[in-house]
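# Chains, contacts and geometry: an overview
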Amino acid sequence: MHADEKIHQLLNQLNTVIVGKSPQVADCVACLLAGGHLLIEDVPGVGKTTLAHALSRSFGLQFSRVQFTADLMPSDLVGVSIYERGREGFVFHPGPVFAQVLLADEINRASPKTQSALLEAMEEKQVTVEGATRALPQPFFVIATQNPHDQLGTYALPESQLDRFHMRLSLGYPDRAAERELLRGQDRRHMLEHLQPVLTPADLARLQQSVADVHTAEPVLEYLQDLVAATRSGRWFAQGLSPRAALAVVRSAKAQAYLNGRDYVAPDDIAAILPQTVAHRLIPVSDAGRGAVEQVRAMVEATPLP
């Protein structure tokens, strides 16, 4: 099957489970094709966990799920060495982080100490336990969900942790037609059980290479640098974007262009993907009067195209 047909089949399958959210589903696929980690933030019950399950099943990767709670310890994630008398020594028992897709459900309900246990895994694709460094399976994706910070029992993710997430998305409430389809359709958990992998790990590797090969012309890079400079000007945000964030935007824009059937990045790709890729890394200035996503969109509108 041709790569474009696989992408089309993948998106169709995901949209049968998460109805009425085609733009958000496409952004999720773009994030994973770009090789990044995904943070889905919204109120409980709108399909965050269902979307994460559907993504992992459709990508055909080894999957592990952890429900983050206040008493979850770092060793519950990365693993622990236990003394075994028969072997006369300590034997390492890997934790759920040793999977190709880790669903960190309600990540902000765990303590900051446990949240930070994922930092090395997300950045270096490895974990260090008791002085020994162990590589994680390839590819390795973290798909995390979190509830709004004003809900009881939540801990805000530190900036260093947020910066490791390639994108942050919000599903929002379904519109009336989509909700009617949900109400009269079958249970989404039952649908998940019957989802078949659309891609193999080899297919995914080829698609990611195709995304990396998407061309980015110099004027488009100039436009991106203008946007990054605007975030650092002090007019829009308290602190600007880092070079790592700018690289994340390039990778996201390449994936966006690839999903749109092009082998080059257009300025519209940068503008379309920018809020999802950088808003969680930015804090609007005190007199902005709007959230980070709206502030990014206003900044994009005020920045001239090349």
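Look above for the structure.
These notes cover the structure that comes with them. (Residues numbered from 1 in each chain as written. Predicted model: local features only at pLDDT ≥ 70, side-chain atom pairs only at ≥ 80, totals over all residues. Heavy atoms only, no water.)

## Let's talk about the packing of helix α11 (residues 218–231) against helix α12 (residues 243–259)
For clarity, the cut-off: In this analysis, axes come from line fits to C-alpha atoms, helices being fitted only over the stretch in contact, and the angle between any two N-to-C directions falls in the range 0 to 180 degrees. The numbering of helices and of strands both runs from the N terminus, where a helix is a DSSP run of H or I of at least 4 residues and a strand a run of E of at least 2. With respect to orientation, any angle under 35 degrees is reported as roughly parallel, any angle over 145 as roughly antiparallel, any angle of 65 to 115 as roughly perpendicular, and every other angle as oblique. When the near helix sits turned anticlockwise from the far one by under a right angle, the crossing is termed left-handed; a clockwise turn instead gives a right-handed crossing. By definition in these notes, contact holds between two residues if any of their heavy atoms fall within 4.5 Å.
In contact at an axis separation of 11 Å, α11 and α12 are set at 140 degrees when each is read in the N-to-C sense. Relative to α12, α11 is oriented oblique. For the pair α11 and α12, the crossing hand works out as right-handed. Residues Leu221, Leu224 and Val228 of α11 form the contact with α12, whose own contacting residues are Ala246, Val249 and Val250.

## Examining unusual backbone geometry
Stated precisely, the cut-off is as follows: Each residue gets one of three labels from its accessible area relative to the maximum for its type: buried under 20%, exposed over 50%, partly exposed in between, using a 1.4 Å probe on protein chains only.
Residue Pro139 is bonded to the preceding Gln138 through a cis peptide linkage, with omega at -5 degrees. Mapped onto the elements of the fold, Pro139 is located in the loop between β7 (132–135) and β8 (141–146). Its identity is not glycine, yet Glu106 carries a phi of approximately 55 degrees, on the positive side. In this structure, Glu106 sits in the loop between β5 (101–105) and α5 (112–116). Positive phi, normally seen in glycine, also occurs at Lys125, with a value near 60 degrees. Mapped onto the elements of the fold, Lys125 is located in the loop between α6 (119–124) and β6 (126–129). Look at Lys125 and you get partly exposed, because its relative accessible area is 24%.

## Quick look at the sheet that holds strand β1 (residues 37–41)
In plain terms, the rule: Following DSSP output, two strands are said to pair if at least two bridges run between them.
Taken in spatial order, the five strands line up as β2-β5-β8-β1-β9 in an open sheet, and their pairing is parallel. Edge positions in the open sheet fall to β2 (63–67) and β9 (165–169), since each of these has one partner strand only. Averaged over neighbouring strand pairs, the angle between their axes works out to 15 degrees when direction is ignored. Across five bridges, the pairing between β2 and β5 is parallel. When the bridges of β5 are listed, Phe63 appears paired with Val101.

## Some details on helix α13 (residues 267–278)
What counts is decided by this rule: The span you would expect from a helix comes to 1.5 Å times its residue count less one.
An ideal rise of 1.5 Å per residue puts 16 Å on twelve residues; α13 measures up with 16 Å between its terminal C-alpha atoms. Within the span of α13, buried status applies to Asp269, Ile270, Ile273, Leu274, Pro275, Gln276, Thr277 and Val278.

## Let's talk about the nonpolar core
The following threshold applies: Throughout this description, the term nonpolar core refers to a set of buried Ala, Val, Leu, Ile, Met, Phe, Trp, Tyr and Cys residues connected via side-chain atoms within 4.5 Å.
Membership of the largest hydrophobic core comes to 69 residues, with the highest contact counts inside it found for Val29, Leu33, Leu38, Leu55, Phe59 and Ile270. Ranked by residues supplied to this core, first place goes to α12 with nine residues. Not counting the four nearest positions on each side in its chain, Val29 is found in contact with Leu10, Leu11, Leu14, Leu55, Phe59 and Leu259. Formed by 26 residues, the second largest nonpolar core is a distinct cluster that contains Phe68, Val97, Val142 and Leu162.

## Focus: the state of the cysteines
What counts here: Here, two cysteine sulfur atoms that lie within 2.5 Å of each other are counted as a disulfide.
One pass over the full model with this rule turns up zero disulfides. Looking at Cys28, it has no disulfide partner, and the nearest cysteine sulfur is the one in Cys31, 7.4 Å off. Overall, Cys28 belongs to the buried group, its relative accessible area being 1%. When its relative accessible area of 0% is taken as the criterion, Cys31 is described as buried.

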